[in-house]
Amino acid sequence: MPHTQRQQVGSRGQCWSRLPHLFLLLFTLRSQPIRAAIHIPSTYHISDLKKPPTITTQPKSVTVFSVEDFVMTCEASGNPAPIFRWTKDGEEFDPGVDPDLKVTESAGSFVFYTLSKTMESLKNYQAKYVCLASNELGTAVSNEAILSIDAPPIQQKEKKVSLKAEEGNSIVLKCNPPQSAMDPIIHWMDWKLLHIALSERVMHGTDGNLYFAHVTAKDSRNDYTCNVQYLATRTILAKEPITLTVTPSNAVVRSRRPHMMRPTGAHSSYLALRGESLVLECLVQGYPTPKVKWLRKDGELSESRSTIEMFDRRLRFTNISESDNGEYQCIAENTQGKIVHTYTVSVEAAPYWIKEPMSQLYAPGETVKLDCQADGIPTPTISWTINGTPLSAIDKDPRRVSAGGSLTLKDINFGDTAIFQCQASNKHGTILTNTNVYVIELDPQILTKDGVSYEFVEGQKVLLECDTFGSPKPTVSWESESTSSLLSNPRVNLLTNGGLEIWNVTHDDEGLYSCSVENTNMSVNAQLDILNRTVVVSPPQDLKVQPGHSATFSCISLVDLKLRPPFIQWRKNEQKIHESHSDDRYTFEGSDLIISNVQQVDEGSYTCQVITDLDMAEASGTLTLYDRPDPPTLLHITNKKERAMTLNWTPGDEHNSPVIEYIVEFEDQEEKGEWEELKRVGGTKHNTRLSLWPYMSYRFRVSAVNEVGRSAASKPTDTYETQAEAPDTNPEEVRSESGDPDTLVITWEEMDKRDFNGPDFQYSVMWRRVVGSGPNWNTNYTAFPPLILRDIGNFSAFDIKVQAVNKEGKGPDPKPVIGYSGEDVPLEAPQVVGVSLVNSTAIRVTWAPVDKNTVRGHLLGYKIHLTWKGSRAHHHSRRSREPETTWVVETGANEEKKVINDLKPFSHYDLAATVFNSKGEGPLSETLSFKTDEGVPGPPKSLTLESHSETEITLRWTPPEEMNGVLIGYLLQYHQIVKPDDSPMLVETIDDPTVTHLTLKNLDRNSHYSFYLRGRTSAGDGESIKKDGATTLEGAPPVNVSVSVGESSANFSWVAKKRHRSVSFQIEYLNKNDVSEWKKVEKVDSSLPFYQLRGLTPGSHYRMRLSYNNSTFWEDDLDTEGTAMMERQPNFPTEGWFIGLVSAIALLLLILLILCFIKRSKGGKYSVKDKEEGPMDSEARPMKDETFGEYSDLEEKRTASQPSLCEESKLCSQDNLDFNGSSAITTELNLDESLVSQFSRPSDVPDTNLQTTNNGLNNTVTILD
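Not measured: the values here are computed from a predicted model.

### Considerations on the state of the cysteines
Scanning the entire structure with this criterion turns up 6 disulfides. Across the disulfide, Cys372 is cross-linked to Cys422 (sulfur-sulfur distance 1.7 Å). Across the disulfide from Cys372 to Cys422, rotation about the S-S bond amounts to roughly -85 degrees, and the bridge is consequently left-handed. Note that Cys372 is positioned in the loop between strand 31 (368-371) and strand 32 (373-377) and Cys422 in strand 37 (residues 418-426), a separation of 50 residues in sequence. Taking relative accessible area as the criterion, Cys372 reaches 1% and is therefore assigned buried. The disulfide partner of Cys555 is Cys608, and the S-S distance across this bridge is 1.9 Å.

This is the structure in structure tokens:
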């Protein structure tokens, strides 16, 4: 459905003069002349609309059993509130003036009831009452309500009843309820108030009596009580109990055929009114108890309106209709016979409405037609009244025409406003309906909102709404900016409700439309936007999938960009598909539908529906399962011959993939379980002619093949046997394979066992010499090859043949072939005629052929043996290091010369030749020596480039590994590498073969060069070695500097400039947090890949710069990670009190040592001689200028005998000398150094901890703050 977006684009009542660019076309809506009824919509604004009276609560018929039951009520609505009046038996009746009646009247309600205390006084009020409700717009009439008077049923005095019956007879217990206008409800009970059990034998009739088809002894009792219940008066009357005595029969109870108890006779008739209920009874007597069934003579019983009750004794019709007219039969049957009772059912009907006239609003001048149609049996009579007054009692008006139940009012005016009553009557009753004809005038209003925006898709039907209301009906006109002539366009229609309809809308129809009411300033605007229709650009394709595989349907669509993304609905055979979450059977991926594990139930048509807010596009594809075919069935053999027969079969299911071919297989019963393919047949054939081997026992089977694969094999046929015959063929590939001398080996390809054709199969082998043996053949029989004959001579020719033989005879006569006995090695060597040089690496060898009789076998060819003896060069040491090498060159049997390539130049060679056959080589010929000429050398072994200035390159090389002669020098060629490659080639000739380097000067510092170096012999220039290079430029600082920062370190990395020499540059840094001075670290080599600066303060801001030759080439700010310290934390070893304390202790120790020295010197305990003779302490050091005293014999004694303080004291340990956790002071303290100065003065210069790389350059420094 089109989607409407409502937004304000104008204002109601806007004049058309404000739209100068719009084209105008007016359409006028005319009032219809017949039944132009007015329905006031809920959006129409009107207040205090008058309404004709409408009976809302009809007075009801009532039977009065007591004075409290006398109440008549009538309720009606209307504006103004209606006034009530009554008629009694057609005469005016005013309950308010009757002193015996009380009236209660309120707005919309009128009730009257009696004030009398006795029922006798109410008899005068038995009548038919009608309520009339009136206001200024007319009078509504109610249905008739009948008031009747009846006395309530009372208990009557009765005599006790006692009945007797003989066992097996039938009996009826009568209830006789009191007469009353009410229908009683009968209950047969015992004295305990328990219901008497009913059955097919004991039945309760609709007349209240209790019927026994036959009595038994157990039916005897004295408390059969009939209880009569009246619901209206809430009364239950219990009749006198009845005593039933059953006299037992002295003999066997006599069987009796069925007889009707109720109704009696063979036929009865019933009249029923349409819509009511009817009960047909069939109460029968007999022994045994009869079985009862019902049927309709002229058709089937209605299952919806008829039911069988009371043990099949009653047929009940509910809501009976005319279609139930007809004859029905009750058939009662027992072993003694049957009885049939026929019921004629006639259905008539009280009047009922087929069409009732509708209450409507009308405008003046319109024509009104009131249709009143009713039906009934007999056909009812239709009559009309106006405001309760019959038409016959009203003056005739030519504008009013009554015919056939219809009443037509022409050219109505306000005076025609009234309530018309249509009444339908027949002998079964009367029905009445009130119809309001309200002639009214209402001001026109436009009910559609202004500024509505419509969106439709091209090709759709557009409906622009312009709902108006008024009486008389307003005239509407439409104007459009998109076209100048709406009326001339056949796609445009103006609807009776004021709407504008446009068929097959296009983008040209877009624009602003205006709807206005003539003779008023009312108008509304509507904006029409046309969007592109949704199309499926890539529909689902027809798929053929194997069972168990997955199928994917794709659906790619194109949707207008103004629309929201579409909803994709997939359907299978028009039924919606929902995504499976439990078994993943259906999965949606975007617009794709994936069906996993496809089975037979998934076959069908799959439709992709692309649903947008405005339209829908769909496309379908089919899913077909295809699989391997089923195996053929019903194999049977026909047209049997000696070696042939016809195999027939019935194809299996192809599973949507046609059979391409059938494969026929057979099983040899001597090799059971091994099936072999015999023949392939086209897929359209269902039989084939098979050729068979003799003397075989067959079973056959067939399988089918389609594009999916091969089916299972069919069930095999029964065994089929063929008769034995003589062989048809002889063995093939008969030959001699004699390997040993003096031996003839005859062999052949063994025949297939199926070609034996019979029992006792063997081979007949025949041979004779080609020369000298005559026509006679030697014969031997064998079951398998080969046949070996010995002492038969070397390499002799024989005619040989092999023939197949079995019990039935011999095969065809075979053709002989020639075979030879075994070979032996040749006896003679060929004679080498000569060797000629072709070039430095090739020779031509010629020889004379040998006598074939000396070959002693098939001549296969000649073998030339070549031995490299060494180089002709005078480098004996090198020659001695190279071992001799030998290789063999083979030739054909008919060759007498051979060119041999790939020899080494400038070398010594030996050559010999042999003859060879299949047994091997003969003796070597006489050895012939020769030398190859000098050749060009190979490329130099290596070439390197060095550059020590911007215009010079030094080339260094090693001589060629393959000299191929005497090296006489080198040839160097080089040129600049430019594009296009047209730079001149420069040449340097080196005549000294011992030179291994050369320096080229005056080269272009901005160019790259290609160098080609070759060795030279007297044979020419050898192969070159190539190297590209360029001169090295002066040093330059690195580029692409980057820094990564940690808490206390910074990692620098850079890229050194290509071709430039490495330089040393300076790293400087400044801590901006404490405004200290710039600090430097040692210079860094640009050839290094990185440098790590450590010892920085966490959370600080630094300025870094890199400089070379006093010039900064990189500078940047960076922040270290971590949290900056607001106040410098004191370092324990650098606290003033700690330093003072340590200094004092050191001073005291020094004083004590001095005192000890003095005491020892005064005591003369140690002499100079002792000192000189004692060993010198390796830790002793001469005292410096700043220590106490000068070198003396006393000090010499001390140093020789007193160990260093650092050897045993922890004061000199590394830990105690570490002033900062990140620094390492490695200074060693001795007795001859000043402890005070060491502990009291922190270092002013940062100490650095240098880490070296493999090349020994510093790349790490530690800074002390």
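### A look at the sheet that holds strand 86 (residues 1008-1017)
Strands sit in the order 84-83-86-87 across an open sheet of 4 strands; the sheet is antiparallel. Across the chains shown, the open sheet's two edge strands, defined by having one partner strand only, are strand 84 (986-990) and strand 87 (1020-1030). Averaged over all pairs of adjacent strands, the angle between their axes in this sheet comes to 20 degrees, without regard to strand direction. Strand direction decides the pairing type here: strand 83 (residues 969-976) and strand 86, joined by 8 bridges, are antiparallel.

### Considerations on the packing of aromatic side chains
Here the structure, examined in full by the defined rule, presents 35 aromatic pairs. Here the aromatic rings of Tyr454 and Phe456 are separated by 6.4 Å at their centres, their planes lie at 20 degrees, and the arrangement is stacked. We note that Tyr454, like Phe456, is buried. Taking the centre distance of 6.0 Å and the plane angle of 85 degrees together, the rings of Trp887 and Tyr909 count as edge-to-face. Here Tyr909 lies in strand 78 (residues 907-917) and Trp887 lies in strand 76 (residues 885-890), a separation of 22 residues in the sequence. Under the relative-accessibility criterion, Trp887 is labelled partly exposed at 28%. Of the aromatic side chains, those joined through ring pairs into one cluster are Phe70, Phe84, Trp86, Phe93, Phe110, Phe112, Tyr125 and Tyr129.

### Some words on the pairing of strand 88 (residues 1039-1045)
Sheet analysis places strand 88 next to strand 89 (residues 1049-1055), joined by 5 bridges and oriented antiparallel. In the strand pairing of strand 89, Val1039 is matched with Val1055.

### Thoughts on the nonpolar core
The nonpolar side chains of a soluble globular protein tend to be buried with one another. Counting residues in each nonpolar core, the largest one holds 25 residues, and the members touching the most others are Phe70, Met72, Trp86, Phe112, Tyr129 and Leu147. Of all the secondary structure elements, the ones that give two or more residues to this core are strand 4 (62-64), strand 5 (71-79), strand 6 (83-88), strand 9 (109-114), strand 10 (127-135) and strand 12 (145-149). It is strand 10 that provides the largest number of residues to this core, a total of 4 residues. The contact partners of Tyr129, leaving out residues within four places of it in the chain, are Met72, Trp86, Thr87, Lys88, Phe93, Phe112, Asn143, Glu144, Ala145 and Leu147. In terms of nonpolar packing, the next biggest core, distinct from the first, is built from 24 residues, Leu563, Ile595, Val598 and Tyr606 among them.

### So, the confidence of the model for the protein chain
Per-residue confidence for the protein chain gives a mean pLDDT of 83, with 87% of residues at or over 70. Looking over the protein chain, one finds the lowest element-wise mean pLDDT in strand 2 (residues 23-24), namely 28, and the highest in strand 17 (residues 210-212), namely 96. Of the regions scoring below 50 in pLDDT, residues 1-35 engages in 96 contacts with residues more than four places distant in sequence or in other chains. In the predicted structure, residues 875-880 sits below a pLDDT of 50 and forms 7 contacts with residues beyond four places in sequence or in another chain.

Here is what the cut-offs are and how they apply
- Residues numbered from 1 in each chain as written.
- Predicted model: local features only at pLDDT ≥ 70, side-chain atom pairs only at ≥ 80, totals over all residues.
- Heavy atoms only, no water.
- Disulfide = S-S within 2.5 Å.
- Helix = DSSP H or I, 4+ residues; strand = E, 2+ residues; numbered from the N terminus.
- Buried < 20%, exposed > 50% of the residue type's maximum accessible area, 1.4 Å probe, protein only.
- Pairing = 2+ DSSP bridges.
- Axes fitted to C-alpha atoms, helices over the stretch in contact; angles between N-to-C directions.
- Phe/Tyr/Trp six-rings, centres within 6.5 Å; stacked < 30°, edge-to-face > 60°.
- Core = buried A, V, L, I, M, F, W, Y, C linked by side-chain atoms within 4.5 Å.
- Contact = heavy atoms within 4.5 Å.
- pLDDT = per-residue confidence, 0-100.

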